[in-house]
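Summary of the model geometry
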Amino acid sequence: MTRVRLSVAERQEELLRAAVEQIEARGVAAVRIADVASALGVSNALVLYHFSTKERLVAAAFGYAAEGDLAHLRKILGRRTSAVRRLRAAVRWYAPTGQAKGWRLWIEGWAASLREPALREVARDLDQQWKAELTAVIAEGATAGEFRCADPGSAAWRLTALLDGLAVQMTSYAGSLSRAAMLEWTDEALARELGLDRQALTRQSA
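Every value quoted in this text rests on a predicted model; they were computed, and no experiment measured them.

All right, on to the overall build of the protein chain then. Secondary structure assignment for the protein chain yields 10 helices and zero strands. For the protein chain, the spread of C-alpha atoms along the three principal axes comes to 60 × 35 × 35 Å. Scored against the burial criterion, the 206 residues of the protein chain give a buried share of 43%. For the protein chain, the share of sequence-separated contacts (at least 6 apart) that also reach a separation of at least 24 residues comes to 64%. Once the 28 positive and 24 negative side-chain charges of the protein chain are each reduced to a mean point, those two points are 3 Å apart.

What follows concerns the packing of aromatic side chains. Applying the stated criterion across every chain, the model contains four aromatic pairs. Pairing Phe62 with Trp106 gives two aromatic rings, centres 4.9 Å apart and planes at 80°, and the pair type is edge-to-face. Here the residue Phe62 occupies a position in helix α4 (residues 54–77), and Trp106 occupies one in helix α6 (residues 101–113), the gap between them amounting to 44 residues. The same class applies to Phe62 as to Trp106, namely buried. Taking the centre distance of 5.9 Å and the plane angle of 5° together, the rings of Trp93 and Trp130 count as stacked. Pair noted here: Trp93 is in helix α5 (residues 83–94) and Trp130 is in helix α7 (residues 117–143), with a separation of 37 residues, a long-range link. Since its relative accessible area comes to 31%, Trp93 is described here as partly exposed. Note on Trp130: relative accessible area 4%, which makes it buried. When the ring centre of Trp157 is taken as origin, the NZ or CZ atom of Lys131, which lies over that ring, is 4.4 Å away.

Where α4 contacts α5, the two axes come as close as 8 Å, and the packing angle between them is 155°. The pairing of α4 with α5 is recorded here as roughly antiparallel in orientation. Between α4 and α5 the crossing geometry is right-handed. Residues Asp69, His72, Leu73, Ile76 and Leu77 of α4 lie in contact with α5, whose contacting residues are Arg86, Ala89, Ala90 and Trp93. Tallied by class, residues from the contact of α4 with α5 come to six nonpolar, one polar and two charged.

Let's shift gears to the pattern of salt bridges. Following the criterion strictly, the structure yields 13 salt bridges and no others. With a closest N to O distance of 2.7 Å, Arg88 and Asp187 form a salt bridge. Here Arg88 is found in helix α5, whereas its partner Asp187 is found in helix α9 (residues 179–193), with 99 residues between them in sequence. For the pair Arg88 and Asp187, a shared accessibility class is recorded, and that class is buried. Note that Asp127 and Lys131 form a salt bridge whose closest N and O atoms lie 2.6 Å from each other. Taken together, the residues span about one helical turn, with Asp127 and Lys131 both in helix α7 at a distance of four residues.

Thresholds, definitions, all that
- Residues numbered from 1 in each chain as written.
- Predicted model: local features only at pLDDT ≥ 70, side-chain atom pairs only at ≥ 80, totals over all residues.
- Heavy atoms only, no water.
- Helix = DSSP H or I, 4+ residues; strand = E, 2+ residues; numbered from the N terminus.
- Buried < 20%, exposed > 50% of the residue type's maximum accessible area, 1.4 Å probe, protein only.
- Contact = heavy atoms within 4.5 Å.
- Lys, Arg positive; Asp, Glu negative; His and termini not counted.
- Charge placed at Lys NZ, Arg CZ, Asp CG, Glu CD.
- Phe/Tyr/Trp six-rings, centres within 6.5 Å; stacked < 30°, edge-to-face > 60°.
- Lys NZ or Arg CZ within 6 Å of the ring centre and 35° of its normal.
- Axes fitted to C-alpha atoms, helices over the stretch in contact; angles between N-to-C directions.
- Parallel < 35°, antiparallel > 145°, perpendicular 65-115°, else oblique.
- Left-handed = near helix turned anticlockwise from the far one by under 90°.
- Nonpolar A, V, L, I, M, F, W, Y, C, P; charged D, E, K, R; others polar.
- Salt bridge = Lys/Arg side-chain N within 4 Å of Asp/Glu carboxyl O.

See the structure below:
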């Protein structure tokens, strides 16, 4: 079968999608350039032409997948509703269930970034963007008088740290915590950061 000629951008996106699938299936350490090439029926040389090394391919694939999650977060936080509603919706969407492929990819990325500078740089940048998005909406809500939060940046850090920790537990030890308990804890943490009790948080975000 003759392959359709793709533009450089289309080819790179195709390679990145395949790389994400292979990383999810095999893990960062085990995945090879050959696995990505084989999945698409192309040569190793073609993959290397676009990304030059496995490390650069993995870093780019991680960024590609995470940018999709970041775009969804921005969509939630950009809704025309109160800051409390947006924040609760974002936190509950971000909270791991133990089954999300996205969380497995993030955890793989965190582990590999300890040894791979290119991946570490990508992960750090994406993490900062997540925190910045949450910080902005917390600051907006505090300014509007919806709740009290003296330090929105620190609040965003604490919330994401809790959710990241839960993700490791839920993904590594599936079934160790019920989804209901996890959501209760995240609601309590968000309410605490906003100076609300949990009932007020639920009422304002209903």
